[in-house]
Amino acid sequence: MKKKLRVILVWTLISFLLQYGVYSILNNEVQKVMAPTTVANTTPITLQLKATIPSSDLTNIQISYAKDYLAYTEKGALKVFNLKKNKVVFQKEAPSANDKTLGVLLYQWLPDRNTLLYFYARKNPDPVTYVTVYPPKTTIQVTAPTPDPNLVVPKTEDPNQTIVQEVPKTVTKEVTVAPHIEKRYGNPQITELYSLEFPNSDEDTAPDDRFNQTINNFPAGGKIKKLVVSTCTNLMYLTVNNPSTELLLEIDVMKNVRTLSKSGETIDNMAASDRYGTLFLDSKEGSTHQVIAWDGTKRQIVSENNNDQILGIKDGKVYIGEVQNNELVKIKTTSDLIHMTKKPALTTEWEGTIPLNNNVRTLIGAQGQMIVYDQQTAYIVTAGRLTEVKLHGDENYVSDDGAELVQLSKQGVSTLVELQPL
């Protein structure tokens, strides 16, 4: 008996150990999916290579996370170029050459993998539909003669015979209403979200162009100003405007879309926390300008200074720039918290003068450096010190992690692309 109990205990222990091992592996894999940016942000990938793209009309250049794919727009079509194999591996044409509001509205690489998100608009083939409507049964009141047993009238011919007098009485009856045809008006534009996943650039496997969802409340003719993706919460935020309105939309992993903006509010810029998913945005309502933190349940004022604007968030720091007369004169920071406090203390990290107008781009690098650049110069603020880097391409771009410089040089009908660490 003792031997049997010993065997049972041993096998029970082995079963628990195997289950623990399997659960540990599954937990690690889930963590990789839910929070894949922890290592990527501290050790950005850099390459040094050259490639030639057979076109000289490239716009909206974006380099992938692994620095081996280049996305761009050419004559209204989205194209992705494999920089190692020197060839176009994906393209998406606009559905109409005449309507510039259709086709790819915006695209953006995810910050932690070679996946490109893009929004695609096309005409709704059935903007007007006809529906047969079956109304519910209704009740009406009618008056009908009803016998009254309390009222009797004797007949003179036969005193023993009586008749019952009928009196009017109101009764209720159900009436079926005939069905009718109604005209329904839908959105004349269908706007869809796709995720384009690319294999290792050394492989010949075609990318996986995956349809995600249709955004039904996207306004027809709307333009996407800004897209922000929070990899820790899997939430997407986009600002959409058309001549009549501007919307701030949130899309979650369950494909739910909700509007976060207020009526009459304008969103100038926004950034999402890489730790907690809090959305920081520059909000304007009339003459009031504020930097706002949105954590999914409520808004919190971070700054009411009319000159302050959000620059970005990186590794626990929220970067706010003070801008005067189209110049960045101060960089301030505050801690990135799970729940932001109202008007937190701001620490000045740098003071000086950097041109900041519509022709420059700004980003926070993987090492916390502030990068402001145009086509000629990159201004880099690291630990409170400013350095300037002269750029030599006809067009110049910096990767979102601040580690790679992409230089484009026109060569007749082609474009030479040169990658080098910044």
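Everything numeric here is computed off the predicted structure, so don't read it as measured data. (Residues numbered from 1 in each chain as written. Predicted model: local features only at pLDDT ≥ 70, side-chain atom pairs only at ≥ 80, totals over all residues. Heavy atoms only, no water.)

Engineer: Can you explain the packing of aromatic side chains? Please cite residues and give values.
Structural biologist: Describing an aromatic ring pair means giving the distance of the ring centres and the angle of the ring planes. Under the defined criterion, the tally for this structure stands at five aromatic pairs. Ring centres 6.2 Å apart and planes at 50° place the aromatic pair phenylalanine 90 and tyrosine 118 in the tilted group. Of this pair, phenylalanine 90 sits in strand β5 (residues 87-92) while tyrosine 118 sits in strand β7 (residues 115-123), placing them 28 residues apart in sequence. Ring geometry for tyrosine 118 versus tyrosine 194: centroids 5.1 Å apart, planes at 5°, classification stacked. (Phe/Tyr/Trp six-rings, centres within 6.5 Å; stacked < 30°, edge-to-face > 60°. Helix = DSSP H or I, 4+ residues; strand = E, 2+ residues; numbered from the N terminus.)

Engineer: Outline the nonpolar core, supporting the account with residue identities and numerical values.
Structural biologist: Ranked by size, the top nonpolar core spans 23 residues in total, and within it Leu70, Leu83, Val406 and Val417 carry the most contacts. Those elements that place two or more of their residues in this core are β1 (49-53), β2 (59-63), β3 (69-74), β27 (370-373), β28 (377-382), β30 (395-398), β31 (404-411) and β32 (414-421). If we ignore the near neighbours within four places in the chain, the residues touching leucine 83 are Leu49, Ala51, Ile63, Lys67, Asp68, Tyr69, Leu70, Val417 and Leu419. Of all hydrophobic cores here, the second largest spans 15 residues; its members include Ile224, Leu227, Val240 and Leu247. (Core = buried A, V, L, I, M, F, W, Y, C linked by side-chain atoms within 4.5 Å. Buried < 20%, exposed > 50% of the residue type's maximum accessible area, 1.4 Å probe, protein only. Contact = heavy atoms within 4.5 Å.)

Engineer: Before we move on, can you summarise the pairing of strand β6 (residues 103-109) with the specific residues and values?
Structural biologist: Among the seven residues in β6, five count as buried, and that is most of the element. Looking at chain direction, β6 and β7 are connected through six bridges and run antiparallel. The residue of β7 that forms the bridge with tryptophan 109 is leucine 116. From the end of β6 to the start of β7, which pair antiparallel, there are five residues. (Pairing = 2+ DSSP bridges.)

Engineer: Tell me about the sheet that holds β2, residues and numbers included.
Structural biologist: Across the sheet, four strands lie side by side as β2-β3-β4-β5; this open sheet has antiparallel pairing. Only two strands of the sheet have a single neighbouring strand rather than two, namely β2 and β5. Across the sheet, the mean angle separating the axes of adjacent strands is 20° when strand polarity is ignored. Taken together, the five bridges between strand β4 (residues 77-82) and β5 define a ladder with antiparallel strand orientation. By the bridge assignment for β5, leucine 78 is matched with lysine 92. (Axes fitted to C-alpha atoms, helices over the stretch in contact; angles between N-to-C directions.)

Engineer: Now, about the pattern of salt bridges: what can you tell me, with residues and values included?
Structural biologist: Evaluation of the coordinates by the stated rule reveals 20 salt bridges. As a salt-bridge pair, aspartate 209 and lysine 92 come within 4.0 Å of each other at their nearest N and O atoms. You can see aspartate 209 sitting in strand β13 (residues 208-214) and its partner lysine 92 sitting in strand β5, a full 117 residues away along the chain. Put simply, glutamate 192 and arginine 122 hold a salt bridge, and the shortest N to O gap is 3.0 Å. Of this pair, glutamate 192 sits in strand β12 (residues 189-197) while arginine 122 sits in strand β7, placing them 70 residues apart in sequence. We classify arginine 122 as partly exposed; its relative accessible area is 30%. Connected via shared salt-bridge partners are Asp308, Glu322, Lys330 and Lys332. (Salt bridge = Lys/Arg side-chain N within 4 Å of Asp/Glu carboxyl O.)

Engineer: Break down the sheet that holds β31 for me, with residues and values.
Structural biologist: The strand order β1-β32-β31-β30 describes an open sheet built from four strands, whose pairing is antiparallel. Taken across any chain shown, the strands that pair with only one partner, and hence form the sheet edges, are β1 and β30. Sheet twist, expressed as the mean angle between neighbouring strand axes with direction ignored, is 20°. Note that β30 and β31 share four bridges and pair antiparallel. Following the sheet pairing, asparagine 396 is matched in β31 by glutamine 407.

Engineer: Would you mind going over the confidence of the model for the protein chain in detail, with residue names and values included?
Structural biologist: Parts of the prediction with low pLDDT should not have their coordinates interpreted in detail. With 81% of its residues at a pLDDT of at least 70, the protein chain reaches an overall mean of 84. In the model, residues 26-41 has pLDDT below 50 throughout and makes 12 contacts with residues more than four positions away in sequence or in other chains. (pLDDT = per-residue confidence, 0-100.)

Engineer: Please set out the pairing of strand β20 (residues 288-294) residue by residue, giving values where relevant.
Structural biologist: In terms of burial, β20 is largely enclosed, as six of its seven residues are buried. Direction of pairing for strand β19 (residues 279-285) relative to β20: antiparallel, over a ladder of seven bridges. Within β20, the residue paired with phenylalanine 280 across the bridge is alanine 293. As consecutive antiparallel partners, β19 and β20 are separated by two residues, and within that stretch glycine 286 has a phi angle of approximately 65°, a positive value. Bridging between β20 and strand β21 (residues 299-303) involves four bridges; their strand directions are antiparallel. Among the inter-strand pairings, isoleucine 292 is bridged to a residue of β21, identified as isoleucine 301.

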